Amino acid sequence: MPSPIRLRRAATVAAATTALSFFFAQSALANWSSYISGAPVGFESRRWADESYTEVNFKGCNNSHLDNSVGIQIYEDINNWPDNGYGQKTFTKCFDGGTSTGTESGLPPGAYYFEVKSIDGLSSTLFNVDVSTVNVDTTLAD
């Protein structure tokens, strides 16, 4: 039979492991930053959890066509059902060193993602886009 000290130590390690995995799983679901490299029309971002408001920022855009715009659409990810789409956003300022921002508010609680819908107004998969910084922020207060 294991000693009480070993049982306590094992319980402590198990509890810490569970707490850390829960912490990292939750933090990965809300706000995040990344980049996009060579994404064609139809590219989908990773998913995030949201309860009301989402802001997507692109900075440092380049594409394989004319470097004028990239269109995205935010979707609610619904299992075994068509996803709910929200208004399409066209980002233009990210091509001249600025930041382009698209927001949606009044969203129901759920998992969300964005999809690249167009590059320079075209829905051709022959073109792709690079974005040096992508930020998703679900905090309305900032």
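Keep in mind the model is a prediction, meaning the values are calculated, not measured. (Residues numbered from 1 in each chain as written. Predicted model: local features only at pLDDT ≥ 70, side-chain atom pairs only at ≥ 80, totals over all residues. Heavy atoms only, no water.)

**Some thoughts on the overall build of the protein**
Then comes step 1: Broken down by element type, the protein carries one helix and eight strands.
Then comes step 2: Traced from its N-terminal end to its C-terminal end, the protein shows the element sequence α-β-β-β-β-β-β-β-β.
Then comes step 3: Looking at the 142 residues of the protein, the share that counts as buried comes to 33%.
Then comes step 4: Within the protein, counting contacts between residues at least 6 apart in sequence, those at least 24 apart form 75% of the total. (Helix = DSSP H or I, 4+ residues; strand = E, 2+ residues; numbered from the N terminus. Buried < 20%, exposed > 50% of the residue type's maximum accessible area, 1.4 Å probe, protein only. Contact = heavy atoms within 4.5 Å.)

**A word on the sheet that holds strand β1 (residues 32-40)**
Then comes step 1: Read across the open sheet, the four strands follow the order β1-β8-β3-β6; overall the sheet is antiparallel. Because the sheet does not close on itself, it has two edges, and the strands there are β1 and β6 (99-104). The mean inter-strand angle of the sheet, taken between neighbouring strand axes irrespective of direction, is 25 degrees.
Then comes step 2: Where strand β3 (residues 54-63) lies against strand β8 (residues 128-137), eight bridges are found, and the strand directions are antiparallel. For C61, the partnering residue across the bridge sits in β8 and is V131. (Pairing = 2+ DSSP bridges. Axes fitted to C-alpha atoms, helices over the stretch in contact; angles between N-to-C directions.)

**Overview of the confidence of the model for the protein**
Then comes step 1: The share of residues in the protein with pLDDT of 70 or more is 78%, and the mean pLDDT across the chain is 84.
Then comes step 2: Confidence over residues 10-28 falls short of pLDDT 50; this stretch has one contact with residues more than four positions distant or in other chains. (pLDDT = per-residue confidence, 0-100.)

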